[in-house]
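Overview (structure and organization)
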Amino acid sequence: MDKIVTLAHGAGGKQTSELIDQVFKTHFSNPDLTADDAAVLNINGKKLAFTTDGFIVSPAEFPGGNIGKLSICGTVNDLSCMGARPLYLSCAFVIEEGFPMDKLEEIAAAMEKTADEAGVKIVAGDTKVAGKGQVDGVFITTTGIGQIIEDVNTSGFNAKPGDAIIVTGDVGRHGCTVLLARNEFGIEADVTSDCAPLWGTVEAMLNTTKDIHVIRDATRGGVGTVLYEIAEQSKVGIRLDSESIPVADGVKGVCGMLGLEPLYLACEGRLVIFAPKEAALKLVDTLRMGKYSKDAAIIGEVIEDMAGRVIVKTEIGAETLLPPPGGELLPRIC
């Protein structure tokens, strides 16, 4: 039987990694191809970060944002995770014939507002209109470039035993919000997406200390997938304290009813940070003063053994393996 692409290949878990490794890395391999959120390019003595991302969220509008806001946040945050001040973006639209013009105006207005907040300029773009049924509403691709702050070196390959692991706020809210917005389960909960541009958050951290090893935004696949990716890249183990992981009550309730793990629900305004323990408390203090990181917390540590694994210390003190990411959890959440 011929192999085919499935929705699971786009969900951010094991199948996504396999698709990238078996197809794209095979054909695109070069010294600058990255496994991080953005490529680091050395041009005329300047270190630049360069990234691109496609957005096909369904529904295109949800509590806390829409596909336009999401498209700016996603690319700005990928640049920010490399310690890069976002400078310029391009955007490409694929719009379905018959899409309401007023909805397109709302999307563009949200992009304008979010770009202004992030301090980034949209300088180029492209527009295509597809026939009815060829796309679902509107798809957006944004590409960004930023300048990396001097003496900053963040990468998923840089995690070290003894590092503290920090999240900048409660986890799983975006994925939960999109799930509820589809109204497939008849569940009502007061949950709003955490979608936000995070360069200001990263800049505040770097002004506190540049001794930060890893910064990642936990989008598709959530915090759990990010932790497994970093554990694999750096060949380290990770131990989490379940009681320290912030989860909003509404998200807890929905996950309890549907049997979902909040660590595997997408975030669009949360960072996962690995830094030496001696710097972690200062970073948390800084984060808790920020607009989008008031609930920042240390949730675990990097360990030498159990390389490539994520272990969770439960409420009763036992330790269990966080199941590795796999399969399709929620399609089209970003």
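Residues numbered from 1 in each chain as written. Predicted model: local features only at pLDDT ≥ 70, side-chain atom pairs only at ≥ 80, totals over all residues. Heavy atoms only, no water.

Remarks on the environment of Leu 263
Rules: Secondary structure counts use DSSP, requiring at least four H or I residues in a row for a helix and at least two E residues in a row for a strand, with both numbered from the N terminus. Three labels apply to residues, based on accessible area from a 1.4 Å probe with only protein chains included: buried if under 20% of the type maximum, exposed if over 50%, partly exposed otherwise in between. Contacts were defined at the residue level, with two residues in contact if any of their heavy atoms lie within 4.5 Å.
Topologically, Leu 263 is positioned in the loop between α7 (249–258) and β11 (271–276). Residue Leu 263 is classed as buried on the basis of its relative accessible area of 5%. For Leu 263 and Thr 154, which are 109 residues apart along the polypeptide, the C-alpha to C-alpha distance reads 22 Å. Residues contacting Leu 263, with those up to four places away along its chain left out, are Gly 221, Gly 222, Val 223, Gly 224, Thr 225, Leu 240, Ile 245 and Leu 322.

What about the packing of aromatic side chains?
Defined as follows: Two aromatic rings from Phe, Tyr or Trp, using only the six-membered ring of Trp, form a pair when their centres are within 6.5 Å; if the ring planes differ by under 30 degrees the pair is stacked, by over 60 it is edge-to-face, and anything between is tilted.
Within the structure shown, the criterion is met by 1 aromatic pair. Each ring, one from Phe 24 and one from Phe 28, has its centre 5.8 Å from the other, and the planes form 20°; the classification is stacked. Placement of both Phe 24 and Phe 28 in helix α1 (residues 14–28) is noted, with a separation of 4 residues, approximately one turn of the helix. For Phe 28, a relative accessible area of 48% translates into the label partly exposed.

With respect to the sheet that holds strand β10 (residues 237–241)
Put simply, the rule is: DSSP calls a pair of strands paired once it identifies at least 2 bridges connecting them. Under this scheme, a helix contributes an axis fitted over its contacting stretch, all axes are lines through C-alpha atoms, and angles between N-to-C directions fall in the 0 to 180 degree range.
One open sheet accounts for 7 strands, arranged β9-β11-β8-β12-β10-β13-β14; its pairing is mixed. Both outer strands of the open sheet, β9 (214–217) and β14 (319–321), are each paired with one neighbouring strand and no more. Each strand of the sheet is rotated relative to its neighbour by a mean of 25°, with strand direction disregarded. The pairing of β10 with strand β13 (residues 310–313) spans 4 bridges and is classified as parallel. Following the sheet pairing, Asp 241 is matched in β13 by Lys 313. Contacts between helix α5 (residues 199–208) and the sheet are confined to β9 and β11, with β11 contributing the most and set at about 5° to the helix.

As for the pattern of salt bridges
As a reminder of what qualifies: Each salt bridge in this description consists of a side-chain nitrogen of Lys or Arg and a carboxyl oxygen of Asp or Glu lying within 4 Å of one another.
Under the definition given, this model contains 15 salt bridges. One salt bridge connects Lys 103 with Glu 61, and the closest N-O pair in it is separated by 3.3 Å. Of this pair, Lys 103 sits in helix α3 (residues 101–118) while Glu 61 sits in strand β3 (residues 61–62), placing them 42 residues apart in sequence. For Lys 103, a relative accessible area of 33% translates into the label partly exposed. Taking the relative accessible area as the measure of exposure, Glu 61 reaches 46% and is therefore partly exposed. Within this structure, Asp 170, Arg 173, Asp 194 and Arg 270 form a network of salt bridges that share partners.

Observations regarding the side chain of Arg 270
What counts is decided by this rule: Counted as a polar contact is a pair of N or O atoms within 3.5 Å, where, for protein atoms, one must be capable of donating a hydrogen and the other of accepting one, and residues adjacent in sequence contribute only when both atoms are in side chains.
Following the sequence through the fold, Arg 270 ends up in the loop between α7 and β11. A distance of 2.8 Å separates a polar side-chain atom of Arg 270 from the backbone oxygen of Asp 170.

Details of the UniProt feature "domain: PurM-like C-terminal" (unreviewed entry) in the protein
Short version of the rule: UniProt positions are given in the numbering used here, feature names are shortened, and annotations may be inferred rather than shown by experiment.
Taking the UniProt record as the reference, the feature "domain: PurM-like C-terminal" (unreviewed entry) is found at residues 160–313. Helix makes up 34% of residues 160–313 and strand makes up 20%, while its end C-alpha atoms are separated by 20 Å.

Looking at the packing of helix α4 (residues 173–181) against α7
Applicable threshold: Put simply, a crossing is left-handed when the front helix is turned counterclockwise from the back one by less than a right angle, and right-handed when it is turned clockwise. Ten residue types, Ala, Val, Leu, Ile, Met, Phe, Trp, Tyr, Cys and Pro, are classed as nonpolar, four, Asp, Glu, Lys and Arg, as charged, and the remainder, Gly among them, as polar.
Between α4 and α7, whose axes approach to 10 Å, the crossing angle comes to 65°. Considering the relative orientation of α4 and α7, their crossing is left-handed. Packed against α4, whose contacting residues are Arg 173, Cys 176, Leu 179 and Leu 180, the element α7 presents Val 251, Val 254 and Leu 258 at the interface. Each residue belonging to the contact of α4 with α7 can be placed in one class, and the counts come to 6 nonpolar, no polar and 1 charged.

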